Amino acid sequence: MTRSECIEAWLQTGAPPADWSAWDGDDARATASMRRILVRIVDHRASGAPLARRRPPADPVAVLWARVAPMVEALLAPAAAAALRAALPGRLRVVTRGSLAACLSELSLEDGWSLTNILLEDMGAPPLSDHAPQLDGLCTAGCVWVPPGAFAPPSGQIDVLVHEVAHLLHTLSPRGLGLDKDGLLVDVPDDQYETFAYACELWACRALREEQDPLRLARDICLADSRVDGLRLAHALEAAGLRGWAGLRDAVLSDRPAA
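Treat the numbers as computed from the prediction; the structure is a model and nothing was measured.

A. Quick peek at the layout of surface pockets. Taken as a whole, the largest pocket spans an internal volume of roughly 640 Å³. Sorting the residues of the lining of the largest pocket by element identifies β2 (138-140), α7 (160-169), α8 (193-204) and α9 (214-224) as the ones contributing at least two each. For the lining of the largest pocket, the element with the most residues is α7, which contributes 4 residues. Its residues placed into classes, the lining of the largest pocket shows 9 nonpolar, 7 polar and 7 charged.

B. Structural detail: the side chain of H167. Tracing the chain through its elements places H167 in helix α7. Here H167 falls in the buried class, since its relative accessible area comes to 7%.

C. Representation of the packing of aromatic side chains within the structure. Across all of its chains, the model carries 1 aromatic pair by this definition. Taking the centre distance of 5.6 Å and the plane angle of 75 degrees together, the rings of W20 and W23 count as edge-to-face. Given a relative accessible area of 2%, W23 falls into the buried group. It is R93 that lies over the ring of W145; its NZ or CZ is 5.8 Å from the centre. We note R206 situated over the ring of W203; from NZ or CZ to the ring centre the distance is 4.0 Å.

Conventions used here
Residues numbered from 1 in each chain as written. Predicted model: local features only at pLDDT ≥ 70, side-chain atom pairs only at ≥ 80, totals over all residues. Heavy atoms only, no water. 1 Å grid on protein atoms, 1.4 Å probe; cavity = no way out; pocket = protein on both sides within 12 Å on 5 of 7 lines; lining within 4 Å. Points joined across faces, edges and corners; volume = space filled by probe spheres on them. Helix = DSSP H or I, 4+ residues; strand = E, 2+ residues; numbered from the N terminus. Nonpolar A, V, L, I, M, F, W, Y, C, P; charged D, E, K, R; others polar. Buried < 20%, exposed > 50% of the residue type's maximum accessible area, 1.4 Å probe, protein only. Phe/Tyr/Trp six-rings, centres within 6.5 Å; stacked < 30°, edge-to-face > 60°. Lys NZ or Arg CZ within 6 Å of the ring centre and 35° of its normal.

Everything listed here is a matter of geometry and, on its own, says nothing about what the molecule does.
Next comes the structure, spelled out in structure tokens:
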């Protein structure tokens, strides 16, 4: 494949070429070229994007903590919650047109492609391809990556900040935060990552929506994201209604199937 063909195929799927022969095997040079292309695309599409001037708050970490504190302090022991709060400034990346290049330098090409699509969506610009997943944020490389729109007031079902920090809870270890404890902050099974994040997001938003049947909520989420275990999500919301955050956590982590 020529360079142009490799670039076009990557922009359509997010999957880098199997080899970098079009760049004489120099994967570092090829990767840098791909990242520059993403920045140029965003710069070009920003000129016609209705929300391109959207900006994050002056203190994004403070807004983040205010939104996620009830979840973090309920699900973690006090020492772990305090350690995570102290670590958040270094774990938050706000991706904007101006910060995109720096953000891409920290990510793989696959994740950089996803993050660029998130930014384009936030700006109201077309995605890189029709195959781009519908994502509002990203949790990878031990950090939360969100666009300015994530800081808008949450709705009755959507709080991107809570969703992505919920992913951070099953990514980080207490030892990595300076605590003398092994394991993860919340040891969520691999196949329940999205179920856990959506459960946390929906429970955090409960006061902003009219009462809605947990099974219907779960069904709506499953239609939008096939990675979610709908029965377990409904069970987690029901358990949260009885026992709060602890009930939600136990329902997601339980080995028994949700009924």
